[in-house]
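# Examining the three-dimensional arrangement
One letter stands for each residue in the lines below.
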Amino acid sequence: MRTSRLKATVACILCAIWFCAGAALADEEQDFSLSKLSVADKLLDLVWEDLDQDGLYDILIIHRKGLEPDETRWISIFWQAKDGGFSTAADQSWEIDTLSVILDTGDVAGDERKEIVYLTADAVRYYPIDSDRYETESNILFETAGLTVFPSKRSIPLINFARDWNGDGIEEVAVFKFEGLSIFSPDADGRYTSENRILIELDTGMGSDYRHSRDDRTMGLHAAFGFPDLRLVDFDNDGRVDLIATKEDRVIVYRQQPDGRFSALGRSQNARRPGGEGGDG
Ligand SMILES: [Ca+2]
Ligand SMILES: [Ca+2]
Ligand SMILES: [Ca+2]
Ligand SMILES: [Ca+2]
């Protein structure tokens, strides 16, 4: 039923507005249409999702404009029309907050539409959506300090941190921190007051390119923090999804409790991943 409402669409993304549209392809099958979507400069990533919950999948494109050192990151939105098509030029386009470090879509306002959510060094913020239009000034969802302290001018990773982590039908917001993951849940008023702290030991590294400093030079440092992959799998077969952190051959299981929160079950060094290859159980 849902798929029948969605017209399959071939979206041809042009990474530079200078390109002219080529010869139109034949309109051979009713169920397909070819749309050319133009965004300026460098395409970074793309989301294919029904953002405004009207039953039609829309396209969100992350792209970068300009040259070093004056690059800026942009969001362009293409709403799918009822005939299944898209306009060539974005319906909305705006520069992403320079403080944003990672980005996602998710329903954080409780209206089922997908807000555009992002993490800064000290807050979770979002661009609200009102029927079929985003506000291009962001709102603060809540303040919290995380490890997302270094915004890049060149990129912004799309990471699914605003999602229904515990399978109760309500989307929570996870924040990556130096001490682990914090999953924030909304209360009855939609305020993210409940924090489920999940301690995760991060891989860390600190180094310098040369071994010896000289009298006239103190060598520079580089630091790295590695967060594990996170999977939602019902590890103990109790009907609730559990959180499994995997990094190379290490596996840590955080069981979901009846109240929807996760707590550590135990650590298994050099363990095989549960469920084997691709094991959703
Ligand atoms: Ca839509
Ligand atoms: Ca999401
Ligand atoms: Ca949930
Ligand atoms: Ca479970």
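Just so you know, these numbers come straight off a predicted model, no measurement behind them.

## Quick notes on the sheet that holds strand β7 (residues 102-106)
Taken together, the four strands give an open sheet; going across it, the order is β7-β8-β9-β12, and neighbouring strands pair in antiparallel fashion. Edge strands, defined here as strands with exactly one partner in the open sheet, are β7 and β12 (139-143). Sheet twist, expressed as the mean angle between neighbouring strand axes with direction ignored, is 25°.

## Focus on the environment of P186
Of note, P186 is situated in the loop between β15 (180-185) and β16 (194-199). Residue class for P186 comes out buried when judged on the 20 C-beta atoms lying within 10 Å of it. Put simply, P186 and G110 are 76 residues apart on the chain and 9.1 Å apart in space, counted from C-alpha to C-alpha.

## Considerations on the nonpolar core
Ranked by internal contacts, the top residues of the largest apolar core, which has 48 residues, are I75, I116, V117, V173, A174, V175 and I198. For this core, the elements supplying multiple residues, two or more each, are β4 (58-65), β5 (72-78), β8 (115-119), β9 (123-127), β14 (172-177), β15, β20 (242-247) and β21 (250-256). Ignoring any residue separated from it by four or fewer positions in sequence, one finds I116 in contact with I75, L103, T105, Y126, Y127 and Y134.

## Digging into the environment of Y210
Of note, Y210 is situated in the loop between β17 (203-207) and β18 (222-226). What makes Y210 exposed here is the crowd of 10 C-beta atoms within 10 Å. It is 9.7 Å that separates the C-alpha atoms of Y210 and L221, two residues lying eleven residues apart in sequence.

## What to know about the sheet that holds β5
A sheet is described by the order of its strands in space; here four strands give the open sequence β3-β4-β5-β6, paired in antiparallel fashion. The strands lining the two open edges of the sheet, one partner per strand, are β3 (42-49) and β6 (92-95). Each adjacent strand pair in this sheet contributes to an overall mean axis angle of 15°, direction not counted. As paired elements, β5 and β6 share four bridges and run antiparallel to each other. If you follow I75 over to β6, its bridge partner there is W94.

Cut-offs used in this document
- Think of each chain on its own: its residues are numbered from 1, step by step along the sequence as written.
- All chains are assigned letters beginning at A, and all ligands numbers beginning at 1, according to the order in which they are written.
- The model is predicted, so local features are restricted to residues of pLDDT at least 70 and side-chain atom pairs to those at 80 or more, both for listing and for counting; the totals for chains, interfaces and linings are taken over all residues.
- In this description, strands pair whenever DSSP reports at least two bridges between them.
- Helix and strand labels come from DSSP, where a helix needs a run of H or I of at least four residues and a strand needs a run of E of at least two; each type is numbered from the N terminus.
- Here the axes come from fitting lines to C-alpha atoms, over the contacting stretch only for helices, and the angles between their N-to-C directions go from 0 to 180 degrees.
- Counting other C-beta atoms within 10 Å of a residue's own tells you its class, since 20 or more makes it buried, 12 or fewer makes it exposed, and anything in between is partly exposed; those C-beta atoms are placed from the backbone.
- In plain words, the nonpolar core is the set of buried Ala, Val, Leu, Ile, Met, Phe, Trp, Tyr and Cys residues that C-beta atoms within 7 Å link up.
- C-beta atoms are placed from the backbone for every residue, and two residues are taken to be in contact when these atoms lie within 7 Å.

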